[in-house]
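Coordinate analysis (summary)
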Amino acid sequence: MLRRPIAIVAALILFAEACAVVFVNWVLGKVADNQHMSMAGLDPDAISTGAWVAGALFGVFLAACGIVLLLIGVRDRAPGRFARIAVIVCAVVHGVLGALTVGLVGWPAFAYLMVVLALLVHVLLAYVKERPEPEPKDGGAPDGAPAAA
C-alpha cells in the first residue's frame, strides 16, 4: 500500500516548506528593517521583529507537523489524538492559504498547496483507527440478527 511513502513524502514537503517560510519571512523582515518601513506609525523594528517571529512560529509548526507525519510513516501506525489534530490544523491552513494564493500569487502556488492538502488528507484517511465492534449484551448475533432460541 502507498500510505507509508505518501506520509514520508508529505513530511519531507512540510520540512522544505518550513524552511522556505522561515527564509521568506527573514527576507521580509530584513527588507522592512533596511527600508525603515512603518505602517500606521508602528515602529519599523516592531515590523521586522514581527515578521521574524511569525516566520519562526509558522516554520516550527510546519516542522512539527512534518515530524508527526514522518513518525506516522516510519511506524506505519495511526496517529494519536494530538498528532491527528495537528495534521488536521495543518490541512486547514493549507486549504485557506490555497484559497488566498489564487488571487495573490497565482495558479501554480494554488496547485502546490492543493497537492500538499491532498497528501495531508490522504494520510489522515489512510491511517484511520479502527474501533472494535461492541459485543452484544444479550448474547444475540453481532449483526443485529435475532438470537437463536
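The rules we used
Residues numbered from 1 in each chain as written. Predicted model: local features only at pLDDT ≥ 70, side-chain atom pairs only at ≥ 80, totals over all residues. Heavy atoms only, no water. Axes fitted to C-alpha atoms, helices over the stretch in contact; angles between N-to-C directions. Helix = DSSP H or I, 4+ residues; strand = E, 2+ residues; numbered from the N terminus. Parallel < 35°, antiparallel > 145°, perpendicular 65-115°, else oblique. Left-handed = near helix turned anticlockwise from the far one by under 90°. Contact = heavy atoms within 4.5 Å. Nonpolar A, V, L, I, M, F, W, Y, C, P; charged D, E, K, R; others polar. Patch = residues over 30% accessible without salt bridge, like charges linked within 9 Å, V, L, I, M, F, W, Y side chains within 5 Å. Areas by Shrake-Rupley, 256 points an atom, 1.4 Å probe, with all protein chains shown as cover. Salt bridge = Lys/Arg side-chain N within 4 Å of Asp/Glu carboxyl O. Lys, Arg positive; Asp, Glu negative; His and termini not counted. Charge placed at Lys NZ, Arg CZ, Asp CG, Glu CD. 1 Å grid on protein atoms, 1.4 Å probe; cavity = no way out; pocket = protein on both sides within 12 Å on 5 of 7 lines; lining within 4 Å. Points joined across faces, edges and corners; volume = space filled by probe spheres on them. Expected span 1.5 Å × (residues − 1). Buried < 20%, exposed > 50% of the residue type's maximum accessible area, 1.4 Å probe, protein only. Polar contact = N/O pair within 3.5 Å; in protein donor to acceptor, adjacent residues only side chain to side chain. Phe/Tyr/Trp six-rings, centres within 6.5 Å; stacked < 30°, edge-to-face > 60°.

1. Points about the packing of helix 1 (residues 3–35) against helix 4 (residues 107–126)
When two helices pack together, their arrangement is given by the angle between their axes and by how far apart the axes lie. Two elements in contact, helix 1 and helix 4, have axes separated by 9 Å at closest approach and are oriented at 140°. Between helix 1 and helix 4, the angle is such that the two are oblique. In the crossing of helix 1 with helix 4, the sense of the turn from one axis to the other is left-handed. Contacts between helix 1 and helix 4 involve R3, I6, A7, V9, A10, I13, L14 and E17 from the former and Y112, L113, V116, L119, L120, H122, V123 and A126 from the latter. Its residues placed into classes, the contact of helix 1 with helix 4 shows 13 nonpolar, 1 polar and 2 charged.

2. Structural notes on a positive patch on the surface
The grouping of R75, R77, R81 and K129 at the surface amounts to a positive patch. Tracing the sequence through the fold places R81 in helix 3 (residues 81–104).

3. Brief notes about the layout of surface pockets
Computed from the structure, the largest pocket encloses a volume of approximately 420 Å³. Along the walls of the largest pocket sit E17, A20, V21, V24, N25, F58, L97, T101, V105, A109, Y112 and L113, which together make up its complete lining. Looking at the lining of the largest pocket, the elements that each hand over two or more residues are helix 1, helix 3 and helix 4. If one sorts the elements of the lining of the largest pocket by residue count, helix 1 sits on top with 5 residues.

4. A few points about helix 1
For helix 1, spanning 33 residues, the distance from its first C-alpha to its last is 47 Å, which sits close to the expected 48 Å at 1.5 Å a residue. Listed as buried for helix 1 are I6, A7, A10, A11, L14, E17, A18, V21, N25, G29 and A32. The inward-facing, buried residues of helix 1 abut helix 2 (44–75), helix 3 and helix 4. Two residues or fewer past helix 1, H36 is found with a positive phi of approximately 55°.

5. Quick word on the side chain of T101
In this fold, T101 is placed in helix 3. A polar side-chain atom of T101 sits 3.0 Å from the main-chain carbonyl oxygen of G98.

6. What about the packing of aromatic side chains?
Overall, the coordinates contain 3 aromatic pairs when judged by the stated rule. Here F23 and W26 contribute two aromatic rings whose centre-to-centre distance is 6.2 Å and whose plane-to-plane angle is 35°, an arrangement assigned as tilted. Note that F23 and W26 are positioned in helix 1 at a spacing of 3 residues, about one turn of the helix. Under the relative-accessibility criterion, F23 is labelled exposed at 52%. Take W26: its relative accessible area is 46%, and that puts it in the partly exposed class. Summarising the aromatic geometry, the rings of W107 and F110 are spaced 5.4 Å apart at their centres and angled 90° between planes, so their arrangement reads as edge-to-face. Within this pair, W107 and its partner F110 are both found in helix 4, separated by 3 residues, close to a single helical turn. Since its relative accessible area comes to 57%, W107 is described here as exposed.

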